[in-house]
Amino acid sequence: MEATIATENKEQGAWTGGGKKPLGASYGKMMMWFFIMSDALTFSGFLAAYGLMRFKFIDSWPIADEVFTHVPFIHGHYPMYYVAFMTFVLIFSSVTMVLAVDAGHQMKKGKVTLYMLLTIVGGLIFLGSQAWEWKNFIGGTYGSLVLQDGKIVQFVDDTGHQIALEDFVTKSPTNERVQHTRSNGLWFVKDAAALPPYSVNEVIESFKNSPNVNLRTEQVNLETKKKVILSREEANQFLEKATGVVKGANLKINEYGNTLFADFFFFITGFHGFHVFSGIVINIIILFNIIIGTYERRGHYEMVEKVGLYWHFVDLVWVFVFTFFYLV
Amino acid sequence: MAQDQEHEHESHVGLIWKVFGFLSLVTIVEVALGIIKPKSLHLGIFLGTSWLNWIFLILTLVKAYGIAWYFMHLKYEKTGLRRAIVWTTVFLICYLAALILIEGDYIADIMSDYTRWSY
């Protein structure tokens with residue numbers, strides 16, 4: 001037995017690949033690249049599925065500019081700004097990561113620690129922003145009506161801009177429907193979800209009383225790339241089919257339009273956010289190892305390089321998610 | 001090993017900041033175009049989609065190149081490793097995207113006959 005084992009393996013063990021470096025990459029780095037490639041294909045599978053559904057509903061897909069319009073502390077319609085900020089945060093944390101790797105090559109422990117810490121902070125800011133973005137999306141902006149066949153209709157003012165339900169709907173005094181809880185009804189029955197702010201009839205009545213409010217369908221005019229606004233008569237026909245008031249978005253219904261848009265948004269940004277989260281956890285572990293001097297004693301900071309590859313990959317995926325969800 | 005490292009790894013800090021500046025610039029251009037949406041680019045069609053979408057796609061690939069080549073260090077890997085990674089992934093993704101998007105287009109075509117936008 002003894003003779004068949006290569007002696008150079010004794011020190012490093014078989015796990016490291018026996019110190020051989022095919023293509024000049026160490027075992028760990030090579031495996032990280034394998035993982036990144038498979039993960040890249042997973043993400044492209046998701047984004048391709050998103051593309052399939054988007055092409056399928058090309059004439060009615062929600063317009064991202066009208067969905068993600070929130071900026072913290074400012075009210076109003078500001079598409080893109082916040083997600084641009086998130087992109088910057090992630091790119092910047094990629095920069096601090098690559099600076100950490102660079103400092104690692106020169107064995108400067110202090111600098112590696114600092115840059116690693118900044119990378120983690122960047123990741124946390126991104127995750128927080130992501131959570132905020134989700135909160136806004138789930139909470140909704142304007143509110144809309146859902147029709148019998150699942151189509152969504154929204155309300156716009158004279159200028160074609162969307163307006164919120166509370167801007168024109170008046171609550172009728174006779175509507176007394178309250179949230180069903182254990183304490184006020186059957187103890188074994190629960191309302192499936194939080195009650196919408198208004199009832200369908202309230203919305204329809206208020207719509208009839210406000211001549212300057214118009215109804216808009218999901219349908220996109222492919223010439224102008226704007227949603228089609230209905231005439232008053234058509235609107236009344238549509239409203240006859242209304243079955244519910246929708247505020248916000250979840251996996252079952254979406255006030256901004258096609259539910260699939262919400263499903264893919266939650267799934268893809270969620271999966272990406274989970275990658276960011278696990279990246280942060282790994283970064284923290286590596287940070288501790290840097291601080292206690294593991295890599296100093298090992299003689300190289302290759303571990304930082306490997307976790308850096310993963311972190312940059314997460315950034316890379318975000319570049320594509322950003323493009324396909326917000327820009328294109 | 002030690003001399004090896006000193007030899008190979010002079011500091012790239014200047015280059016890193018340059019790449020960051022470049023990526024930021026590209027992002028700013030993308031966001032500006034996304035907010036303004038110039039009518040001619042937004043509504044003008046070229047090869048099946050708008051000019052604006054083509055610009056976004058190309059700028060995205062440029063950003064991806066910057067990240068992969070300079071941040072992920074691919075530029076300094078051996079050519080064989082780089083090609084094994086990049087060519088494989090790019091080929092598979094293009095293949096997948098092409099098939100699936102063509103299929104989506106076809107479904108939309110078929111479905112449009114059965115979708116009603118009036119009652």
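Just so you know, these numbers come straight off a predicted model, no measurement behind them.

**Q** I tried to follow the overall build of chain A on my own but got confused; where do I start?
**A** Along chain A, the regular secondary structure elements total ten helices and five strands. Compactness check: chain A gives a C-alpha radius of gyration of 27 Å against a globular reference of 20 Å for 328 residues, more than 25% above the reference. The C-alpha extent of chain A, read off along each of the three principal axes, is 90 × 55 × 45 Å. Taking all 328 residues of chain A together, the buried fraction comes to 51%. Here chain A displays about 15700 Å² of accessible surface, and carbon together with sulfur accounts for 63% of that area. Treating the 27 positive side-chain charges of chain A as one cloud and the 29 negative ones as another, the clouds have centres 8 Å apart.

**Q** Is there a simple way to think about the pattern of salt bridges in this case?
**A** It is possible for side chains of opposite charge to pair when their charged atoms get near one another. For the structure on display, the rule yields eight salt bridges over all chains. The salt bridge partner of K29 of chain A is E77 of chain B, with a shortest N-O separation of 3.2 Å. Residue K29 of chain A is found in helix α2 (residues 27-56), and its partner E77 of chain B is found in the loop between α4 (51-71) and α5 (79-111); the two belong to separate chains. Across the pair, E77 of chain B and K29 of chain A agree in class, each one buried. Linked by salt bridges that have partners in common, K29 and E305 of chain A together with E77 of chain B make up one network.

**Q** Sorry if this is basic, but what is going on with the pairing of strand β3 (residues 214-221) of chain A here?
**A** The side chains of a regular strand alternate, residue by residue, between the two faces of the sheet. All names here are of chain A. Most of β3 sits out of view: six of its eight residues are buried. Sheet analysis places strand β2 (residues 152-156) next to β3, joined by three bridges and oriented antiparallel. Of the residues in β3, the one forming a bridge with F155 is L215. Hairpin connection, β3 to strand β4 (residues 226-229): the antiparallel pair is bridged by four residues, and K225 has positive phi, about 55°.

What counts, and where the lines are drawn
- Residues numbered from 1 in each chain as written.
- Chains lettered and ligands numbered in written order.
- Predicted model: local features only at pLDDT ≥ 70, side-chain atom pairs only at ≥ 80, totals over all residues.
- Heavy atoms only, no water.
- Helix = DSSP H or I, 4+ residues; strand = E, 2+ residues; numbered from the N terminus.
- Rg over C-alpha atoms; globule rule 2.2 N^0.38 Å.
- Buried < 20%, exposed > 50% of the residue type's maximum accessible area, 1.4 Å probe, protein only.
- Areas by Shrake-Rupley, 256 points an atom, 1.4 Å probe, with all protein chains shown as cover.
- Lys, Arg positive; Asp, Glu negative; His and termini not counted.
- Charge placed at Lys NZ, Arg CZ, Asp CG, Glu CD.
- Salt bridge = Lys/Arg side-chain N within 4 Å of Asp/Glu carboxyl O.
- Pairing = 2+ DSSP bridges.

None of this, on its own, says anything about what the molecule does.
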